[in-house]
Amino acid sequence: MHAHYGAGGDGGGSRRAAPLPGDAGLYFLGSLHELVAVGLHRPALEALCAGQRDLAEPPIDRAYLLKILDEEISRQFGHPLRPLIELVLNAADAARAPQPLVDVTVTDGRVDVCDTGVGMGLRAILSRLLIPFATDKRPGIDLGRFGVGFFSVLGFGLSDPESFSLHLTTGDGIEGWAIRVVAWPGAGDSPDAPASAPEEVGSARGRAAPELAAALMCSVRRIAPLLGTRVRVTSALLEPSAVRAYLRDALHFFPASRALVLLDGAAVNDGRLISGGQLVQERIAPPGGALAGAGGPAGAGALGAGSSGSAEPARARLEEADVEARERALLARFHVGGRGLLPSISAATFHAGVKVDACLALAELALIDFPAAVELTEGRDALKVGPEFTAVATAFYRRLIQLAAASGEGRRTRDRLAEMAAQISALMLQSAGWDEVARDLARALLGPGRCMVTPERREALLGFLGPTVAERLFVPESFWAEREWQPYLPGERELLEDELDLDPAETLSALARRRGDLAALPLLLARAANPHTTMVALCRSRLPPDRGGADAAAPRRAPGAPPLAPPFPEAAGRRPAGPLPCLGTRRLLLIRDDSPAVRRPSGWSDWYALRAAFDRASGVREADLERDLIVGEPVDGAACAAPRPGERTSGGEP
């Protein structure tokens, strides 16, 4: 063992230690992993707390202990500054005042986190603070759950050992202790390095390597009594502006009821960093339970079952059960809308305590605060999808429904809410609870009859079906929204089948022979690469339901006979055809026989519309199509039959 110095006393505050002259209260000096070994071995722990000068080597597998410490110290978070948040979480859990305060001070290369809550004695330091995962956090109450705050900060010493130091002072009001940790760059790098520095430390100075955990040197010293804890982290990696921006981003939605966080003297979680929007707090029934009130159906039945004399005790029991259920409920907070007043505040974030992830695809501010009952995964930064997680996610989606219903916003705003809900589900909430609420969201936000089409198909569908169909289209802005909504919304195929009367598919050559009344078919036949295999289907706008009897007098075709030519009534209540007469689908090419450009093209605009629409529907590359239209042979003037006097073409030319 390394040199250990101490004075009489138990280190727990029951009786004062009297430091030996010249010791200045020094209890331990040596490698951090050896102090951890003392905390793991009860006889050594008791001896150190009693102030014994010489400690026997604890029977600990040194190689295995170093491996565990290396894993804990060098494990990466989602953000390199996240260990600072762990310190704030620990300080918030320690605070017990009516209005707990956590004071964070940032200067060049240094961060101080202070609280005036419950500090620690030497026994608590050795048995809890310095033992990985030996936390005394209360599940569902405290924010920290793994006891990794102290060790995660040591990771700064792996990345830049020369500039790193950790100085912790703590006390429970009866005694005070100071712990200092520094990182030696490597064995033999400095003539002043203690002989106890491990020989196997890598020789690379300043290089991040887990083996450097063995070179973390620690001292434990008794100081004057104090109450609370101060942690000072020094590292060249702590650039002030980056640290302040990250702390504001991570802490601005932290519940002020847990602790008011002061950053350089200014509160960061009192709501002043968010403008607009709506903050909602609600209790959610725990998984497998319900918030049953005394006035609900169950309460009414219980009260009605007994006599009037037993009503009051029954009511009291129900009220007591209701209070108990609400205490077990999850308290979730949502902030929807508004904007962050600082660039560092993400467009959308979710929190478990202050575990943060960003959704950069959103323009609106959408914040979700998970209760402490939601678990973290082994990686510490990721939330674990479980019943509590799903309950909060589902409640958030239903809150969006309520906001949309209460605000009475128009279709464009509701579409934006649908986009936001899907993006949050895919990017932030791992689709938790989405299946349970997606159909309700679709009915509330999108309404009936909406069909989802991709952005690249929107213009083609509007050109083919006409601009009046735009009210039925929901076009997701992102891949994630498309992925989430696809199983729950009809798509392009359902839209076409609902809007059009479709004839059976046939080859283009057969259609041209059968429908000589459609003047555009010869042109399309000439442009087709292989008209004998090109499958097409004629279609036209479907009659609205209330006009379903308009075609009742039309002649019926015999079974197996080719479709009859429609009479094309101009005012039959059908949607007018769009300017593009052709549309390509996965299975075949659709041609509108109610389009004037197909029935009787007259003028260059009809001919060019036919050429462009047919080429696009046939799969011709856009660049080739544009080149053909611009530099190819012009439309033959003889092919464009001159209109009769006074007649106007579909393109608008007299």
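Everything quoted here is computed from the prediction, not taken from an experiment. (Residues numbered from 1 in each chain as written. Predicted model: local features only at pLDDT ≥ 70, side-chain atom pairs only at ≥ 80, totals over all residues. Heavy atoms only, no water.)

Visitor: Before we go on, may I ask you to explain the overall build of the protein chain in this structure?
Guide: The helix and strand inventory of the protein chain stands at 21 helices and 23 strands. The buried share among the 654 residues of the protein chain stands at 48%. Restricting to contacts in the protein chain with at least 6 residues of sequence separation, those with at least 24 account for 71%. For the protein chain, the computed accessible surface area is about 30600 Å², with 55% contributed by carbon and sulfur atoms. (Helix = DSSP H or I, 4+ residues; strand = E, 2+ residues; numbered from the N terminus. Buried < 20%, exposed > 50% of the residue type's maximum accessible area, 1.4 Å probe, protein only. Contact = heavy atoms within 4.5 Å. Areas by Shrake-Rupley, 256 points an atom, 1.4 Å probe, with all protein chains shown as cover.)

Visitor: Looking at this model, I keep getting lost on helix H13 (residues 434–446). Mind explaining?
Guide: The periodicity of an α-helix, 3.6 residues per turn, causes residues three or four places apart in sequence to face the same way. Taking 1.5 Å as the rise per residue, H13 with 13 residues should run 18 Å; its terminal C-alpha atoms sit only 16 Å apart, a clear shortfall. Of all the bends in H13, the greatest measures close to 30 degrees and is centred on Asp-440. Taken together, the buried positions of H13 are occupied by Trp-434, Val-437, Ala-438, Leu-441, Ala-442, Leu-445 and Leu-446. On its buried side, H13 packs onto helix H11 (387–407), helix H12 (411–427), strand S18 (473–474) and helix H15 (479–485). One or two residues past the end of H13 sits Gly-447, with phi positive at roughly 80 degrees. (Expected span 1.5 Å × (residues − 1). Bend = angle between axes of the 7 residues up to and from the residue.)

Visitor: Could you clarify how one ought to interpret the pattern of salt bridges in this entry?
Guide: Two side chains carrying opposite charge are able to pair once their charged atoms lie near each other. Under the definition given, this model contains 31 salt bridges. In this structure, Arg-222 and Glu-175 form a salt bridge, with 3.6 Å as the shortest nitrogen-oxygen distance. With Arg-222 in strand S6 (residues 216–223) and Glu-175 in the loop between strand S4 (165–172) and strand S5 (176–183), this pair connects stretches of sequence that are 47 residues apart. Each member of the pair, Arg-222 together with Glu-175, is buried. With a closest N to O distance of 3.3 Å, Glu-497 and Arg-493 form a salt bridge. (Salt bridge = Lys/Arg side-chain N within 4 Å of Asp/Glu carboxyl O.)

Visitor: How do you make sense of the nonpolar core when you look at a structure like this?
Guide: One finds Val-104, Leu-154 and Leu-247 to be the most contacted residues of the largest nonpolar core, which totals 72 residues. Of the residues forming this core, the biggest block, 7 residues, is contributed by helix H4 (residues 82–94). Excluding its chain neighbours within four sequence positions, the residues that come into contact with Val-104 are Val-88, Val-111, Asp-112, Val-113, Leu-247, Val-261, Leu-262, Leu-263 and Asp-264. (Core = buried A, V, L, I, M, F, W, Y, C linked by side-chain atoms within 4.5 Å.)

Visitor: How do you make sense of the layout of surface pockets when you look at a structure like this?
Guide: Vacant regions in the atomic arrangement are exposed by a probe of water-molecule size rolled over the atoms. Of the pockets and cavities examined, the largest pocket occupies roughly 740 Å³. Considering the residues around the largest pocket, the lining is formed by 24 residues, among which Gly-491, Glu-492, Arg-493, Glu-494 and Arg-586 are closest to the centre. No other element matches helix H16 (residues 492–499), which puts 5 residues into the lining of the largest pocket. For the lining of the largest pocket, a count of residues per class yields 10 nonpolar, 5 polar and 9 charged. (1 Å grid on protein atoms, 1.4 Å probe; cavity = no way out; pocket = protein on both sides within 12 Å on 5 of 7 lines; lining within 4 Å. Points joined across faces, edges and corners; volume = space filled by probe spheres on them. Nonpolar A, V, L, I, M, F, W, Y, C, P; charged D, E, K, R; others polar.)

Visitor: Any chance you could explain unusual backbone geometry here in plain terms?
Guide: Excluding glycine, residues mostly have negative phi values, and the peptide bonds linking residues are mostly trans. For Asp-264, which is not glycine, the phi dihedral falls at a positive 55 degrees. Positive phi outside glycine occurs at Ser-431, with the angle close to 60 degrees. Within the secondary structure, Ser-431 sits in the loop between H12 and H13. Note on Ser-431: relative accessible area 28%, which makes it partly exposed.

Visitor: What am I meant to see in the packing of aromatic side chains here?
Guide: Any pair of aromatic rings gets described here by the distance separating the centres and the angle formed by the planes. Overall, the coordinates contain 7 aromatic pairs when judged by the stated rule. Taking 4.9 Å as the distance between ring centres and 85 degrees as the angle between the ring planes, the aromatic pair formed by Tyr-27 and Trp-177 counts as edge-to-face. Of the two residues, Tyr-27 is situated in strand S1 (residues 26–31) and Trp-177 in strand S5; the sequence distance between them amounts to 150 residues. Pairwise contacts between aromatic rings join Phe-334, Phe-396, Tyr-397, Trp-434 and Trp-485 into one cluster. The ring of Phe-253 carries the charged tip of Arg-333 above its face, separated from the ring centre by 4.4 Å. One cation-aromatic arrangement involves Arg-592 over Phe-464; the distance from NZ or CZ to the ring centre is 5.6 Å. (Phe/Tyr/Trp six-rings, centres within 6.5 Å; stacked < 30°, edge-to-face > 60°. Lys NZ or Arg CZ within 6 Å of the ring centre and 35° of its normal.)

Visitor: Mind showing me how you'd approach helix H2 (residues 42–49) here?
Guide: The complete set of buried residues in H2 reads Ala-44, Leu-45, Ala-47, Leu-48 and Cys-49. Directly after H2, the chain includes Gly-51, whose backbone phi takes a positive value near 85 degrees.

Visitor: In this structure, what is going on with the environment of Ala-577? I would like to understand it.
Guide: The residue Ala-577 is located in the loop between strand S21 (535–541) and strand S22 (582–584) in this model. Along the backbone, Ala-577 and Phe-464 are 113 residues apart, and their C-alpha atoms lie at a distance of 6.8 Å. Residue contacts for Ala-577: discarding those within four places in its chain leaves Arg-592, Asp-594 and Ser-595.

Visitor: Even after reading the chapter, I still don't get the side chain of Thr-394, so can you show me in this structure?
Guide: Of note, Thr-394 is situated in helix H11. Taking relative accessible area as the criterion, Thr-394 reaches 14% and is therefore assigned buried. Not counting chain neighbours up to four residues away, the residues in contact with Thr-394 comprise Gly-433 and Val-437.

Visitor: Mind showing me how you'd approach the environment of Pro-240 here?
Guide: Note that Pro-240 resides in helix H8 (residues 240–251). Counting along the chain gives 132 residues from Pro-240 to Asp-108, while the straight-line C-alpha distance between them is 5.5 Å. When near neighbours in sequence (up to four residues on either side) are disregarded, Pro-240 contacts Val-106, Thr-107 and Asp-108.

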